[in-house]
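# A look at the structure
This is what each chain is made of:
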Amino acid sequence: MSLRSQVDLQLSGNAIVNGNEITEGDIAAYIWRHHADFGDESKRKAFVKKLGDAKDHAQIIADCFDHYTSAFEDTPNGAGFGGTHMNSALPAVPPIAHLCEEYGAAYGVEPHKVADLDLRIVFQSLRALRMRTHGTKYLEPKRLREAKSEFLKHHG
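Residues numbered from 1 in each chain as written. Predicted model: local features only at pLDDT ≥ 70, side-chain atom pairs only at ≥ 80, totals over all residues. Heavy atoms only, no water.

## Topic: the overall build of the chain
Looking only at helices and strands, one finds nine helices and two strands in the chain. In the chain, the succession of α and β elements from N to C terminus is α-α-α-α-α-β-β-α-α-α-α. Relative to its 156 residues, the chain shows a buried fraction of 29%. Counting contacts in the chain only where the partners sit at least 6 residues apart, residues at least 24 apart contribute 57% of the total. Surface exposure of the chain reaches about 10100 Å², of which carbon and sulfur atoms provide 57%. (Helix = DSSP H or I, 4+ residues; strand = E, 2+ residues; numbered from the N terminus. Buried < 20%, exposed > 50% of the residue type's maximum accessible area, 1.4 Å probe, protein only. Contact = heavy atoms within 4.5 Å. Areas by Shrake-Rupley, 256 points an atom, 1.4 Å probe, with all protein chains shown as cover.)

Here it is as structure tokens:
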């Protein structure tokens, strides 16, 4: 998942990112948008046919949600007394523009190219940058915290 693919899917009304009733078209569009052949229209029809022949739609939907949510595991949420909080102190620009500019300025990448980077890389890099330059403290990703908690419960 990249910033650009997330915005493309959101603007097109894809139910996987917008939380609406999921259709087969939403599934196909979501997977195709992240497919290695995305943009090659000569391969899209074969992809759609292959997906249409798949039997386990519930698993495919679960995999799409797992893919989508895993992209946001390293979102730079700040740590504060009593838990986590979202830092919404962004300038008055769309968040995608802010993230692209911040990452691009820090790492010498043109902002429009940042939009195609994997969100996990962008978020992890921005967390590291903010920790180094602003002394910001972050919690570990939620899945890691949950795994540690489960381990400690069993091995006490």
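There's plenty left to go through after this.
## Some details on the confidence of the model for the chain
Looking at the chain as a whole, its pLDDT mean stands at 83, while 87% of the residues score no less than 70. Looking over the chain, one finds the lowest element-wise mean pLDDT in strand β2 (residues 83-85), namely 48, and the highest in helix α3 (residues 24-34), namely 94. (pLDDT = per-residue confidence, 0-100.)

## As for the packing of aromatic side chains
Counting across every chain of the model gives three aromatic pairs. With 4.8 Å between their ring centres and 40° between their planes, Y103 and Y107 make a pair best called tilted. A residue pair is termed a helical-turn pair when its members lie 3 or 4 positions apart in one helix, as Y103 and Y107 do in helix α6 (residues 95-107) at four residues. With a relative accessible area of 9%, Y103 lands in the buried category. (Phe/Tyr/Trp six-rings, centres within 6.5 Å; stacked < 30°, edge-to-face > 60°.)

## Things to note about the packing of α3 against helix α5 (residues 57-70)
Angle between the axes and distance between the axes: these two values describe a pair of packed helices. Two elements in contact, α3 and α5, have axes separated by 11 Å at closest approach and are oriented at 50°. Looking at the two axes, α3 sits oblique to α5. Note on packing geometry: the crossing formed by α3 with α5 is left-handed. Two secondary-structure elements touch here, α3 through E24, I27, Y30, I31 and H34 and α5 through H57, I60, I61, C64, H67 and Y68. By residue class, the composition of the contact of α3 with α5 is seven nonpolar, three polar and one charged. (Axes fitted to C-alpha atoms, helices over the stretch in contact; angles between N-to-C directions. Parallel < 35°, antiparallel > 145°, perpendicular 65-115°, else oblique. Left-handed = near helix turned anticlockwise from the far one by under 90°. Nonpolar A, V, L, I, M, F, W, Y, C, P; charged D, E, K, R; others polar.)

## Concerning the side chain of D26
The residue D26 is located in helix α3 in this model. Only 3.3 Å separates the side chain of D26 from the backbone nitrogen of A15, close enough to count as a polar contact. Each residue touching D26, except ones within four places of it in the same chain, is listed here: G13, N14, A15, I16 and E21. (Polar contact = N/O pair within 3.5 Å; in protein donor to acceptor, adjacent residues only side chain to side chain.)

## As for helix α8 (residues 119-134)
The end-to-end C-alpha separation of α8 is 21 Å, in line with the 22 Å expected for 16 residues at 1.5 Å each. Taken residue by residue, α8 has L119, V122, F123, S125, L126, R127, L129 and R130 as its buried positions. Packed against the buried residues of α8 are α1 (3-11), α6 and α7 (111-114). Just downstream of α8 lies G135, where phi reads positive at about 70°. (Expected span 1.5 Å × (residues − 1).)

## Some points on the packing of α1 against α6
The N-to-C vectors of α1 and α6 enclose an angle of 170°; their axes lie 11 Å apart at closest approach. The angle between α1 and α6 places the two elements in the roughly antiparallel class. Contacts between α1 and α6 involve L3, R4 and V7 from the former and I96, L99 and C100 from the latter. Residues belonging to the contact of α1 with α6 are distributed by class as follows: five nonpolar, no polar and one charged.

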